[in-house]
Amino acid sequence: MVLIPSNSFRPFDLKKEQKPVFIKKFLIDTYPISTADFAAFIAKHPQWKKENVPAIKADTGYLKNVDLSPRQNNIVMTQVSWYAARAYCAAEGKRLPTLYEWEYVATFNKWDARPQTNERILSWFGKPNAMHEGALIGSGLVSPQGVHDLHGLIWEWVDDFNSSTVTGDSRADTDSESNLFCGATTLSGSDLRNYATYMRYGMRSSLKGNYTGHNLGFRCAKEAK
Amino acid sequence: MDLKIFYSLGLAIALSVTACGVKEEKAILAHAPEVPPQLNRSGNTKVIVELETKELKGRLADGVEYTFWTFGGTVPGPMIRVREGDDVEFTLSNHPTSKMPHNIDLHAVTGPGGGAAASLTSPGHSSKFSFKAINAGLYVYHCATAPVGMHIANGMYGLILVEPKDGLSKVDKEFYVMQSEFYTKGKNGETGLQPFDMNKALDEKPDYVVFNGSVGSMTGDKALKTKVGDKVRFFVGNGGPNLVSSFHVIGEIFDHVYTEGGTEKNQKNVQTTLVPAGGSAIVEFKMDVPGNYVIVDHSIFRTFNKGALGLLKAEGEANTKIYSGKQADTVYLGEGGATQTIPAEKDKKVAAKTKEERIAEGKRIYGTTCQACHMNEGQGVPKAFPPLAKSDYLNADKKRAIKILLEGKTGAITVNKEKYDSVMPALGLSDEDIASVLTYVLNTWGNSGGEVTPGDVAGQRSAH
Amino acid sequence: MILTKYARGWLRLSIAIFLAVISLYCGKPKDPHADHAAMAAGQVSGASLYQFHDKFTDQNGKELMLHELSGKYVVVAMFYATCTAICPRIAAEMLRLEKNLSASQRARTRFVMISLDHERDNPAALRKFIDKMRLTDSFTLLSGKSESIREVAAALGINYKKLDNGEYSHSSLFTLLSPGGEIILQHAGLSVSVENFKAKIEP
């Protein structure tokens, strides 16, 4: 795990007049969870075997096409729901990172917005997907703090994924009288060129807790003493 | 007496079944340039529309690939046809291979986001919502997931027609054409899988402006076909994301225009009609004279240099009273007369060295530079652009051919016993490119063969 | 045409067949019990919200697990007691829905509001909200630990976030649960369609 020191941070959805968010120091997994990791978890916790998980905690895509035989340990785990990811982290004495913790590391000092990096991130969105290939851990980008694969590999679950209140581009969001949202923090987007971040927020708001996806995985975090 | 009762019994059963029979139908979707058939039912019904979003790699131009985000696997997405007053039940499914969530905003929908809020769909999931088509007209639909510009720029748009209650008048042929732009990392024509270029999109400087999702989608064997005498209707859409279109069919005048896709046939005798980004138009005209009619965006550099060109063919008896043989090229070149120079492309990094390499490279250059006028089989356009296929003029003098590619050509010439008096612009091609394209043309379509080298071209260039 | 007795008989038969076919095909109501046809007593389906065994506390301080709501239809939404923006409207919509149900439907339905504010919404705060909004006996208001709230919200599809000033930004979503706890209808935003909800609740 990598130790992330305490710091203040202006996340993407923060309005100009709002104070920055304080990120208390924490530990985050260097790499996302692999298929081998998850296979070991299921072996110890059979209630998370596909046939034992109720539909409300994982939809029919749970573990679909995932090779759980422990031959390699460098294929990233996907097709897991938020409930499954939470259970995995809890079993390790950890938790999922919060949205702000994740975004803080992923955009530390705006490393993701540097033209070359941003191009590589955007080109991941443009690459077509092969359903039967597992993506290799380590094939994504490395952050300045030494955390791998936050970009260019998969989307990742966060603990409060459902705090993202963006629906479309400008439909309900900027209208403060909108029926869909209470409160003022609907996504306005401080930097419209940072489309990659915009897409992450949009992706999270399309999810429900039991959803699974071919490009959706996770990593864990922990309090730092 | 028994027979009468038998019939009335049968009628009673038949009436009862039809009176509350299945009052819903599945919408017939059509991929451009096809249009779903005119609705032949009277009154309203519940229409089921099922649409899938899918991200896939496809051809944008010869040698150029792009990862399109699509409705229904094509750009543009399929056309939907319903009637004013219908209740539409819409299911949007996002293929599990998609990386992005998608949704749909149909401009025909009255309601928050045009359906966008209700249809945000994660990969591998489906969303359903319903709306009543309370307004007739021709409407654009598109994906409206943040960031909307990128989703539209990658190909997520199409048309939905809400027919007025009395339907539209009968015509012989209907076509679906949707213009849009593509912004790629590489320049127009640069081969390989091209990623989307955000900065070009923000600056509104596209590399490709095309009809129906790719260069050449309606040329060659994919040209639209009609007969002399046909009444034709075009449903024209503009997906944008940025540019407005000046829609024009060379050699035709629109007898009727439904401006901006509304329900009034409000203008007659229109040459060029504006189609707003995210908007539409309906145009109608009759084919009176046989020949090839070129469909363009009259912001003309988009047509010749970026791909906004399609072909409409009409076959049948000549009608010399209407068209005796006037040339169409003056329209292409605007002012006419002066020979234009088109800015040169930078030299390619890999030079063709062998005859085979020249032919292959020449074929590609022909497709991007020459095909617009000389057509994809070198057949040219009668009375406008001379043929290159089995061309006596070409084969007679290679040096002259090189000179034409270097400098352009004005003045009358005779090719295969036909007279042509057009203008060919100086294309500003490099020596390598001229050598390649000439070698290709000389070795294709029954021409005399042989090879032209960059040295031959350089020699001609310095002689002036 | 004067009908003979014979013909009248056949005419009556035709009309009878006509009416029988009409009633068979037209407007056949969906069986509201279809959801829990396969459920034995005490067994809960995989798609049911009652798979969550979190403990909540109601407005009277009584501890409650969600499955204790089973057996009745549940209209559920999320809110918090100090919210002045759309939460009063959410409550008002639920009241409006309740008023428009038939007496027998009302007897089968529970209206549940789950608080997002695990820090401040204790039973007293919940009771205050009930008084302020004049909620009826059909209403159960719940508060719970932040983990429980997050899990249930994720299952329903409700997005929410705590703001700097202690307020919550959250989406408005009404959900109808079957007596077995499965989601059978959802409506995002406000202005609920009463007809749609009524149609799904057994009369």
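Residues numbered from 1 in each chain as written. Chains lettered and ligands numbered in written order. Predicted model: local features only at pLDDT ≥ 70, side-chain atom pairs only at ≥ 80, totals over all residues. Heavy atoms only, no water.

### What to know about the overall build of chain A
Item 1. Per the secondary structure count, chain A includes five helices and eight strands.
Item 2. What you see in chain A, going N to C, is helices and strands ordered as β-β-β-β-α-α-α-α-β-β-α-β-β.
Item 3. The burial tally for chain A puts 60% of its 225 residues in the buried class.
Item 4. The long-range share in chain A, meaning contacts at least 24 apart out of those at least 6 apart in sequence, stands at 75%. (Helix = DSSP H or I, 4+ residues; strand = E, 2+ residues; numbered from the N terminus. Buried < 20%, exposed > 50% of the residue type's maximum accessible area, 1.4 Å probe, protein only. Contact = heavy atoms within 4.5 Å.)

### Concerning the packing of helix α8 (residues 398-407) of chain B against helix α9 (residues 431-442) of chain B
Helix packing geometry: the angle between the two helix axes and the distance between the axes.
All names here are of chain B.
Item 1. The N-to-C vectors of α8 and α9 enclose an angle of 130°; their axes lie 11 Å apart at closest approach. With respect to α9, the axis of α8 lies oblique. By crossing handedness, the relation of α8 to α9 is classed as right-handed. Within the contact between the two elements, α8 uses Lys-398, Ala-401, Ile-402, Leu-405 and Leu-406 and α9 uses Ile-434, Val-437, Leu-438 and Leu-442.
Item 2. Classifying every residue of the contact of α8 with α9 gives eight nonpolar, no polar and one charged. (Axes fitted to C-alpha atoms, helices over the stretch in contact; angles between N-to-C directions. Parallel < 35°, antiparallel > 145°, perpendicular 65-115°, else oblique. Left-handed = near helix turned anticlockwise from the far one by under 90°. Nonpolar A, V, L, I, M, F, W, Y, C, P; charged D, E, K, R; others polar.)

### A word on the interface of chain C and chain A
Item 1. Facing 33 residues of chain C, the contacting portion of chain A comprises 28 residues.
Item 2. Together, the buried faces of chain C and chain A total about 2400 Å²; carbon and sulfur atoms form 52% of this surface.
Item 3. The three residues of chain C that bury the most area against chain A are Arg150(C), Asn159(C) and Lys161(C), which together make up 26% of that side's buried surface.
Item 4. Applying the counting criterion to the chain C and chain A interface returns two salt bridges.
Item 5. Of the charged contacts, one joins Glu151(C) and Arg86(A) as a salt bridge, the two residues approaching to 3.5 Å between their closest N and O atoms.
Item 6. The interface formed by chain C and chain A includes 11 residue pairs in polar contact (both at pLDDT 80 or more).
Item 7. When residues of the side of chain C that touches chain A are traced back to their parent elements, those giving at least two are α5 (146-156), β6 (160-162), β7 (168-171) and β9 (183-188) of chain C.
Item 8. Top element by residues in the side of chain C that touches chain A is α5(C). It accounts for seven residues. (Buried area = accessible area lost by both parts, 1.4 Å probe. Salt bridge = Lys/Arg side-chain N within 4 Å of Asp/Glu carboxyl O. Polar contact = N/O pair within 3.5 Å; in protein donor to acceptor, adjacent residues only side chain to side chain.)

### Some details on the packing of aromatic side chains
Item 1. On inspection of all chains with the given rule, the structure shows 33 aromatic pairs over all chains.
Item 2. Taking NZ or CZ as reference, Arg400(B) lies 3.7 Å from the ring centre of Tyr393(B), over its face.
Item 3. The cationic tip of Arg150(C) hangs over the ring face of Tyr160(C); the distance from NZ or CZ to the ring centre is 4.1 Å. (Phe/Tyr/Trp six-rings, centres within 6.5 Å; stacked < 30°, edge-to-face > 60°. Lys NZ or Arg CZ within 6 Å of the ring centre and 35° of its normal.)

### Topic: the nonpolar core
Item 1. If you look at the biggest cluster of nonpolar residues, it comprises 177 residues, and the most contacted ones within it are Phe38(A), Phe125(A), Phe218(A) and Phe90(B).
Item 2. Contact partners of Phe218(A), with chain neighbours within four places excluded, come to Pro32(A), Ile33(A), Phe38(A), Val80(A), Ala85(A), Tyr88(A), Cys89(A), Leu96(A), Ile154(A), Glu156(A) and Trp157(A).
Item 3. Within the second largest apolar cluster, 26 residues are counted, among which are Val177(B), Val236(B), Val275(B) and Val289(B). (Core = buried A, V, L, I, M, F, W, Y, C linked by side-chain atoms within 4.5 Å.)

### Description of the pairing of strand β5 (residues 87-94) of chain B
It is a general feature of regular strands that their side chains alternate between the two faces of the sheet.
Residue and element names in this part refer to chain B.
Item 1. Counting buried residues in β5 gives six out of eight residues, a clear majority hidden from the surface.
Item 2. Two elements, strand β2 (residues 46-61) and β5, share eight bridges in a ladder whose sense is parallel. Bridging across to β5, Lys-46 finds its partner in Asp-87.
Item 3. Where β5 lies against strand β7 (residues 125-132), eight bridges are found, and the strand directions are antiparallel. Residue Ser-93 lies in a different strand from β7, and its bridge partner there is Ser-126. (Pairing = 2+ DSSP bridges.)

### Concerning the sheet that holds strand β1 (residues 2-4) of chain A
Hydrogen bonds along the backbone pair up the strands of a sheet, which may run parallel or antiparallel.
Residue and element names in this part refer to chain A.
Item 1. Strand order in the open sheet formed by three strands is β1-β4-β8, with antiparallel pairing between adjacent strands. Either end of the sheet is taken by a strand with one partner, and the two such strands are β1 and β8 (221-223). Averaged over all pairs of adjacent strands, the angle between strand axes in this sheet comes to 30°, irrespective of strand direction.
Item 2. The sheet contact formed by strand β4 (residues 26-28) and β8 spans three bridges and is antiparallel. Bridge pairing in β8 links Phe-26 to Glu-223.

### Side note on unusual backbone geometry
Residues and elements named next belong to chain B.
Item 1. That bond from Ala-32 to Pro-33 is cis: its omega, 5°, falls within 30 degrees of zero.
Item 2. Here Pro-33 shows up in the loop between β1 (24-26) and β2.
Item 3. Of the consecutive residues Gly-240 and Pro-241, the connecting peptide bond is found in the cis state with omega at 15°.
Item 4. Position of Pro-241 among the secondary structure elements: in the loop between β14 (231-240) and β15 (245-249).
Item 5. Positive phi, close to 60°, is recorded for Glu-204, a residue that is not glycine.
Item 6. If you check the backbone angles, Asn-269 has positive phi at about 55° while not being a glycine.
Item 7. Of note, Asn-269 is situated in strand β17 (residues 267-270).

### Description of the state of the cysteines
Item 1. Tallying each qualifying case throughout the model produces two disulfides over all chains.
Item 2. Paired through a disulfide, Cys89(A) and Cys220(A) show a sulfur-sulfur distance of 2.0 Å. The sign of the -85° torsion about the S-S bond sets the Cys89(A)-Cys220(A) disulfide as left-handed. Placement of Cys89(A) in helix α2 (residues 82-91) and of Cys220(A) in the loop between β7 (216-217) and β8 is noted, with a sequence separation of 131 residues between them.
Item 3. Two residues, Cys83(C) and Cys87(C), share a disulfide whose sulfurs are 2.3 Å apart. Disulfide Cys83(C) to Cys87(C): torsion about the S-S bond roughly 95°, handedness right-handed. Summarising the burial analysis for this pair, Cys83(C) and Cys87(C) share the class buried. (Disulfide = S-S within 2.5 Å.)

### Some details on helix α10 (residues 454-462) of chain B
Item 1. For α10(B), the full list of buried residues reads Pro454(B), Val457(B) and Gln460(B). Looking straight down α10(B), one finds that the buried residues subtend no more than 125° of arc, so they occupy a single side. (Arc of directions from axis to C-beta.)

### With respect to the environment of Met100(B)
Item 1. Tracing the chain through its elements places Met100(B) in the loop between β5 and β6 (105-106).
Item 2. Measuring from C-alpha to C-alpha, the distance between Met100(B) and Ser462(B) comes to 55 Å, with 362 residues separating the pair along the chain.

### Focus on the confidence of the model for chain C
A low pLDDT score tells you not to read the predicted coordinates there in detail.
Residues and elements named next belong to chain C.
Item 1. Confidence in the prediction of chain C, expressed as mean pLDDT, is 84, and 80% of residues score 70 or more.
Item 2. Counting contacts from residues 27-41, a segment whose pLDDT is below 50, to residues more than four positions away or on other chains yields 11 contacts.
Item 3. Model confidence for the complex is summarised by a pTM of 0.72, with the ipTM given as 0.82. (pLDDT = per-residue confidence, 0-100.)

### Quick word on the environment of Pro128(A)
Item 1. Looking at the element boundaries, Pro128(A) is found in the loop between α4 (115-126) and β5 (155-156).
Item 2. For the pair formed by Pro128(A) and Asn215(A), sequence separation is 87 residues and the distance between their alpha carbons is 12 Å.
Item 3. Apart from the residues lying within four places of it in its own chain, the contact partners of Pro128(A) are Lys57(B), Thr67(B) and Lys99(B).

### A few points about the side chain of His142(B)
Item 1. Here His142(B) shows up in strand β8 (residues 137-142).
Item 2. Judged by relative accessible area, which is 9%, His142(B) ranks as buried.

### A few points about the environment of Leu14(A)
All names here are of chain A.
Item 1. Note that Leu-14 resides in the loop between β2 (7-9) and β3 (21-23).
Item 2. Along the backbone, Leu-14 and His-45 are 31 residues apart, and their C-alpha atoms lie at a distance of 39 Å.
Item 3. Setting aside residues up to four positions removed in sequence, Leu-14 forms contacts with Phe-9, Lys-19, Pro-20 and Val-21.

### Here's the deal with the sheet that holds β6(B)
Residue and element names in this part refer to chain B.
Item 1. Read across the open sheet, the four strands follow the order β4-β9-β8-β6; overall the sheet is mixed. What marks the edges here is a single partner per strand, and that holds for β4 (80-83) and β6.
Item 2. Relative to β8, β6 runs antiparallel, the two being bridged by two bridges. Considered in β8, the bridge of Leu-106 is made with Tyr-141.

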